[in-house]
2 protein chains.
Amino acid sequence: MAEEVPFDFLHMEMINFVFNPPDDSKKEVKTEEGMTTLESLGFRVGQGLVERLTKDCPRFKDELDTMKFICKDFWTSVYKKQIDNLRTNHQGVYVLQDNKFRLLTQISIGKQYIEIAPRFLSFTCGLIRGALSNLGITSVVTAEVITMPACKFQIQIPRT
Amino acid sequence: MAEEVPFDFLHMEMINFVFNPPDDSKKEVKTEEGMTTLESLGFRVGQGLVERLTKDCPRFKDELDTMKFICKDFWTSVYKKQIDNLRTNHQGVYVLQDNKFRLLTQISIGKQYIEIAPRFLSFTCGLIRGALSNLGITSVVTAEVITMPACKFQIQIPRT
């Protein structure tokens, strides 16, 4: 447990901070606004991480090869496990399924947190988008909770 | 490197976010205000972490015993190394020295970041205070950069 937990707790407090800023103004943060903030935080972390991880890597063969790297090496470096399932329509859409997504496990007991579960995916959407961006792939990443702690990340790569 | 870096990057982006909020208001965040925010974030992370870490621990003998736990187990779980030096005046003041503090290593090349280095210690001050608080010890924690990446954390426990 030791090495994983600090990241999880920090992630959780960041969500808390984004949605409940310690401002005097007591302004309410809209769900969408907060999720955008978390996404952009994740984007920058993803950029930084992938730069480190691929420092000594040869160039990836193609898009699918890059996705496999995200599912294996990249995911393992952050979440200590691989993506369980990768699907693609071979037209620029990839679906990554994690059957036990670490950032959801803490809130997966009972159904009380199901409404705020999407907040726990935004950072990671950004993380993927940032990583891909630094590998030269522009994408749109969305996420969906299946049955907690399982979830799916969908990556769309616009064909130009 | 793999397991340490996500936490470090997240920590760095959190500092960035706290000091440069993506608000329309473009309000300037005062150094002290931002550091207080980071400290309280760290406080809650410290509380959560220490709860997990001490779940199956016997009760600590005394204050010094608790400090040794912070310097060894707690520090290792977050920063992958122990505190290098622990000193005390036996009157409620403890000084923890880390000669290669992980959150400073990224900004330790050259002297360009020396001014903002204290921002990289606030979270950890809170982390220590939160951990101690959950172990029943009320404290005041301050930090000081020595020569980057070395730094000192001073814990003061008010005698009642």
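For the structure itself, consult the block above.
Keep in mind that what you see is a predicted model, and the values were worked out from it rather than measured.

## Regarding the relation of the copies chain A and chain B
The transformation that overlays chain A on chain B combines an axial shift of 0.0 Å with a rotation of 180°, and the residual RMSD is 0.0 Å. In the structure described here, the two chain copies are related by an operation that fits a two-fold rotation axis. Looking at the rotation axis and the C-alpha trace of chain A, the residue lying nearest is F7 of chain A, at 2.5 Å. Most of the interface of chain A is mirrored in chain B, where 100% of its interface residues again form contacts.

## Describing helix α2 (residues 31-53) of chain B
Taking 1.5 Å per residue as the helical rise, α2 of chain B with its 23 residues ought to reach 33 Å, and the 32 Å between its terminal C-alpha atoms agrees with that figure. Every buried residue of α2 of chain B is listed here: G34, T37, L38, E39, L41, G42, F43, V45, G46, G48, L49 and V50 of chain B. Each element contacted by the buried residues of α2 of chain B is listed here: α1 (5-19) of chain A together with α1 (5-19), α3 (63-79) and α5 (119-134) of chain B.

## Observations concerning α3 of chain B
Residues and elements named next belong to chain B. The axis of α3 is deflected most strongly, by about 35°, at I70. Turning to α3, its buried residues number three or more, namely T66, M67, F69, I70, C71, F74, W75, S77, V78 and Y79. Count one or two residues on from α3 and you reach K80, which has phi positive near 60°.

## Considerations on the packing of α1 of chain A against helix α2 (residues 31-53) of chain A
Residue and element names in this part refer to chain A. Viewed as axis vectors pointing N to C, α1 and α2 meet at an angle of 135°, and their least axial separation amounts to 9 Å. Of the possible angle classes, the one that applies to α1 and α2 is oblique. The chirality of how α1 crosses α2 is right-handed. Between α1 and α2, the contacting residues are M14, I15, V18 and F19 on the first element and T31, G34, M35, T37, L38 and L41 on the second. Grouping the amino acids of the contact of α1 with α2 by side-chain chemistry returns seven nonpolar, three polar and no charged.

## What about the pairing of strand β3 (residues 140-145) of chain B?
Looking down a regular strand, the side chains alternate between one sheet face and the other. All names here are of chain B. Where β3 and strand β4 (residues 151-156) come together, six bridges link them in antiparallel fashion. Counterpart to E144 in the pairing with β4 is K152. As consecutive antiparallel partners, β3 and β4 are separated by five residues.

## A word on the environment of T88 of chain A
Residues and elements named next belong to chain A. One can find T88 in strand β1 (residues 85-88). For T88, a relative accessible area of 24% gives the class partly exposed. Distance in space between the C-alpha atoms of T88 and Q154 is 9.6 Å, their sequence separation being 66 residues. Not counting chain neighbours up to four residues away, the residues in contact with T88 comprise L64, V93 and Y94.

About the thresholds
- Residues numbered from 1 in each chain as written.
- Chains lettered and ligands numbered in written order.
- Predicted model: local features only at pLDDT ≥ 70, side-chain atom pairs only at ≥ 80, totals over all residues.
- Heavy atoms only, no water.
- Least-squares fit on C-alpha atoms with pLDDT ≥ 70 in both.
- Contact = heavy atoms within 4.5 Å.
- Helix = DSSP H or I, 4+ residues; strand = E, 2+ residues; numbered from the N terminus.
- Expected span 1.5 Å × (residues − 1).
- Buried < 20%, exposed > 50% of the residue type's maximum accessible area, 1.4 Å probe, protein only.
- Bend = angle between axes of the 7 residues up to and from the residue.
- Axes fitted to C-alpha atoms, helices over the stretch in contact; angles between N-to-C directions.
- Parallel < 35°, antiparallel > 145°, perpendicular 65-115°, else oblique.
- Left-handed = near helix turned anticlockwise from the far one by under 90°.
- Nonpolar A, V, L, I, M, F, W, Y, C, P; charged D, E, K, R; others polar.
- Pairing = 2+ DSSP bridges.

Geometric descriptors of this kind do not, in isolation, establish any biological role.
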